[in-house]
Amino acid sequence: MPRASDSPADSGHSAVRPVGPTDGHSSPRYAGLTTFARLPRIEDVPGHDIAVVGVPFDAGVTFRPGARFGPAAIRQASRLLRPYNPRLDVMPFRDHQVVDAGDLPCNPFDIATASKEIEDGAYELIRDGAPLVTLGGDHTIAYPLLRAVNRVHGPVALVHFDAHLDTWDTFWDAPLTHGTPFRRAAEEGLFLPGSSAHVGIRGSLGEPQDLITDAELGFTIVHCADLETLTVREIVTRLREQIGDAPLYVSVDIDVLDPAHAPATGTPEAGGMTSRELLGIIRGFQGLNLVGADVVEVSPAYDHADITSIAAANIAYEFVSLCAR
Ligand SMILES: N=C(N)NCCCC(=O)O
Ligand SMILES: [Zn+2]
Ligand SMILES: [Zn+2]
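Residues numbered from 1 in each chain as written. Chains lettered and ligands numbered in written order. Predicted model: local features only at pLDDT ≥ 70, side-chain atom pairs only at ≥ 80, totals over all residues. Heavy atoms only, no water.

## Some words on the coordination of the zinc ion (ligand 3)
Where a metal carries four tetrahedral donors, each ideal angle is 109.5 degrees; where it carries six octahedral donors, the ideal angles are 90 or 180 degrees. Note on the zinc ion (ligand 3): its protein donors are His 139 (ND1), Asp 162 (OD), Asp 166 (OD) and Asp 253 (OD). The metal-donor distances range over 2.1 to 2.2 Å. For the zinc ion (ligand 3), all donor residues lie on one chain, and their spacing in sequence is H-x22-D-x3-D-x86-D. A separation of 3.2 Å is found between the zinc ion (ligand 3) and the zinc ion (ligand 2), which share Asp 162 as a coordinating residue. Within this pair, whereas His 139 is found in the loop between strand E3 (132–136) and helix H4 (142–153), its partner Asp 162 is found in the loop between strand E4 (157–161) and helix H5 (181–187), the two being separated by 23 residues in sequence. Neither residue differs from the other here; His 139 and Asp 162 are each classed as buried. (Donors = N, O, S within 2.8 Å, 3.2 Å for Na, K, Ca; no water. Helix = DSSP H or I, 4+ residues; strand = E, 2+ residues; numbered from the N terminus. Buried < 20%, exposed > 50% of the residue type's maximum accessible area, 1.4 Å probe, protein only.)

## Topic: the coordination of the zinc ion (ligand 2)
Taken together, the protein ligands of the zinc ion (ligand 2) are Asp 162 (OD), His 164 (ND1), Asp 253 (OD), Asp 255 (OD) and Asp 255 (OD), with distances of 2.1 to 2.5 Å. For the zinc ion (ligand 2), the six donor atoms in the first shell make angles of 57 to 162° at the metal, so the coordination geometry reads as irregular. Between consecutive donors of the zinc ion (ligand 2), the numbers of intervening residues give the motif D-x1-H-x88-D-x1-D. (Tetrahedral: all angles 85-135°; square planar, octahedral: opposite > 155°, others 65-115°.)

## Overview of the nonpolar core
In terms of nonpolar packing, the biggest core is built from 56 residues, with Phe 161, Val 250, Val 252, Phe 285 and Phe 319 touching the most fellow members. Broken down by element, this core gets its largest block of residues, ten residues, from helix H9 (residues 307–323). Those residues within four positions of Val 250 in sequence are excluded, and the remaining contacts are Val 159, Phe 161, Phe 285, Leu 290, Gly 292, Ala 293, Asp 294 and Phe 319. Residues Val 53, Val 55, Phe 57 and Leu 190 belong to the second largest nonpolar core, which totals 37 residues. (Core = buried A, V, L, I, M, F, W, Y, C linked by side-chain atoms within 4.5 Å. Contact = heavy atoms within 4.5 Å.)

## Considering the pairing of E4
The buried count for E4 comes to five of five residues, which makes it a mostly enclosed element. Because side chains alternate across E4, one face comprises the buried residues Ala 157, Val 159 and Phe 161, and the other comprises Leu 158 and His 160, equally buried. Looking at chain direction, E4 and strand E7 (residues 248–253) are connected through five bridges and run parallel. Each bridged residue has a counterpart across the sheet, and for Leu 158 the counterpart in E7 is Tyr 249. Taken together, E4, H5 and strand E5 (residues 196–201) form a β-α-β motif whose crossover is right-handed. (Pairing = 2+ DSSP bridges. Right-handed = clockwise from strand over helix to strand, strands pointing away.)

## Topic: the pairing of strand E1 (residues 50–55)
Within E1, six of the six residues are buried, which leaves the element mostly enclosed by the surrounding structure. Burial along E1 is two-sided: the residues Ile 50, Val 52 and Gly 54 and Ala 51, Val 53 and Val 55 are all buried. Summarising the sheet, E1 and strand E2 (residues 98–103) pair through four bridges and their orientation is parallel. Its bridge partner lying in E2, Ile 50 is registered against Val 98. Sheet analysis places E1 next to E3, joined by five bridges and oriented parallel. The partner of Gly 54 across the bridge, within E3, is Leu 135.

Quick look at the structure:
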């Protein structure tokens, strides 16, 4: 897939400009086919600089199912996103060809097969260096996504927003589930120990050893309770020092938010972050080398007034904005 920035538009000629979202003033925002932010589909433009893709997979969950419907719900909730991001002062859709790459095919019955399909499908979208924003799907998918990113960029600094560690070994003897993607990733050296962090951890654990094992894998933790004493700005400073100039991958499990801000998720935990705190920390990554990001675990059947899908759509928008130069 050629990058759109290889086109004359990038070199100052006006022959080929990015195709942006359908204009909400000529076609009402609620009308027409549903793509992320009403962007063009990948097949409608000659190349892309940034891709948004869905992964409708939820065979890895331990509790409530339904995240397979996350991509469709997030796209629907993204219709109100506008071209200008004032907090970051960027117009990502004007300056880059951003596309909706549709949903990756993934086997709903065989996790190992699905993982390979997700890895290969993601790799095709990023092989020329374009950043990828993925709409999940359950958290299992972070493992094949990290494998794809490693094929292009090598090991990444990983910032993982979640109520849960997701570094457990197995569930019911299954090695690849939504509670184990970062254990499998650690075993393969997919992220840089010491440069990687969990943010928003809270809730009950199986045993004290869970935290010890997790630290041995190379993660530091910003616990959700740390937000009682640390400001968003201080957390950003701490994370940026760890990340440095390494390629960065950000994975957001929507259950990092309090159930009041994100009720529609499979394993909700009380006492979570606000969407304002989460968006604030993510915006604090502006200028870093973001190569990929996901927002996962939206299970729309448990939603009310699209609260969760709207949060996820706005998180994905911030990711696209961070990729804008
Ligand atoms: N990745 C998410 N959302 N949850 C993992 C929870 C694993 C458990 O059931 O204990
Ligand atoms: Zn979680
Ligand atoms: Zn998770």
